[in-house]
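The residues making up each chain are set out below.
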Amino acid sequence: MFRENDIVTFKLVTGEEIVARVVADTDTTVTIYKPLTLVHNGQGMALIQTVMSVRPDQELTVQKTAVVMSGLSRDEMTSAWIESTTGLKTPSKSSILMG
């Protein structure tokens, strides 16, 4: 089970790969916030809004029966999700911050 605020990647039975922040995780469902779908574009990978017809700030519930696999997102994907949903860039782990 995931913890609240984990950034998680879900592979759905439909083949879509979704990245989202976990709000709640039960035995049968996961409630997520700002789900984004991973897609290929001409320059590589991109994240786009998963459901176009709902408010982007609405929490959504995913039935676990629709999920083939899931796990904590890679650091690069977590950073991309944060940037896409907030506009904030997270520093690279290999960066040395001097002040």
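Whatever comes next refers back to the structure up there.
Residues numbered from 1 in each chain as written. Predicted model: local features only at pLDDT ≥ 70, side-chain atom pairs only at ≥ 80, totals over all residues. Heavy atoms only, no water.

Asks: Quick one: what's the story with the overall build of the protein chain, residue by residue and with numbers?
Replies: Along the protein chain, the regular secondary structure elements total one helix and six strands. When the helices and strands of the protein chain are listed from N to C terminus, the series reads β-β-β-β-β-β-α. Taken along its principal axes, the extent of the C-alpha atoms in the protein chain is 45 × 35 × 25 Å. Of the contacts formed within the protein chain by residues at least 6 apart in sequence, a portion of 50% connects residues at least 24 apart. (Helix = DSSP H or I, 4+ residues; strand = E, 2+ residues; numbered from the N terminus. Contact = heavy atoms within 4.5 Å.)

Asks: Lay out a nonpolar patch on the surface in plain terms, naming residues and giving numbers.
Replies: A surface patch of nonpolar side chains, amounting to about 310 Å² of accessible area, comprises V13, V68 and M69. Tracing the backbone through its elements, the reader meets V13 in the loop between β1 (7-12) and β2 (17-25). (Patch = residues over 30% accessible without salt bridge, like charges linked within 9 Å, V, L, I, M, F, W, Y side chains within 5 Å. Areas by Shrake-Rupley, 256 points an atom, 1.4 Å probe, with all protein chains shown as cover. Salt bridge = Lys/Arg side-chain N within 4 Å of Asp/Glu carboxyl O.)

Asks: Give a description of the pairing of β2 that names residues and reports values.
Replies: Note that β1 and β2 share five bridges and pair antiparallel. Bridging from a neighbouring strand, T9 pairs with V19 of β2. If you look at the hairpin formed by β1 and β2, you'll find four residues sitting between the two strands, and G15 has a positive phi there, around 100°. In the sheet, β2 pairs with strand β3 (residues 29-41) via six bridges, with the strands oriented antiparallel. In the strand pairing of β3, R21 is matched with Y33. (Pairing = 2+ DSSP bridges.)

Asks: Account for the pattern of salt bridges, naming residues and giving values.
Replies: Using the criterion set out here, one finds five salt bridges in the structure. Note that R55 is salt-bridged to D57, the shortest N-O span being 3.3 Å. With a relative accessible area of 54%, R55 lands in the exposed category. Owing to a relative accessible area of 44%, D57 belongs among the partly exposed residues under this scheme. Where K89 meets E83, a salt bridge forms, and the shortest distance between an N and an O atom there is 4.0 Å. (Buried < 20%, exposed > 50% of the residue type's maximum accessible area, 1.4 Å probe, protein only.)

Asks: Go over the nonpolar core with me, naming the residues and quoting the values.
Replies: Listed in full, the twelve residues of the largest apolar core are F2, V8, F10, L12, I18, A20, V22, V30, I32, L60, V62 and V67. Looking at this core, the elements that each hand over two or more residues are β1, β2, β3 and β5 (59-63). In this structure, I18 is in contact with V8, T9, F10, L12, P35, L36, T37 and T50, ignoring residues within four places of it in sequence. Within the second largest apolar cluster, six residues are counted, among which are I7, V19, L47 and W81. (Core = buried A, V, L, I, M, F, W, Y, C linked by side-chain atoms within 4.5 Å.)

Asks: An account of the environment of A66 is needed here, citing residue identities and associated values.
Replies: Within the element layout of this structure, A66 appears in the loop between β5 and β6 (67-72). You can call A66 partly exposed: its relative accessible area is 26%. On a C-alpha basis, the gap between A66 and L47 in space is 20 Å, while along the polypeptide they are 19 residues apart.

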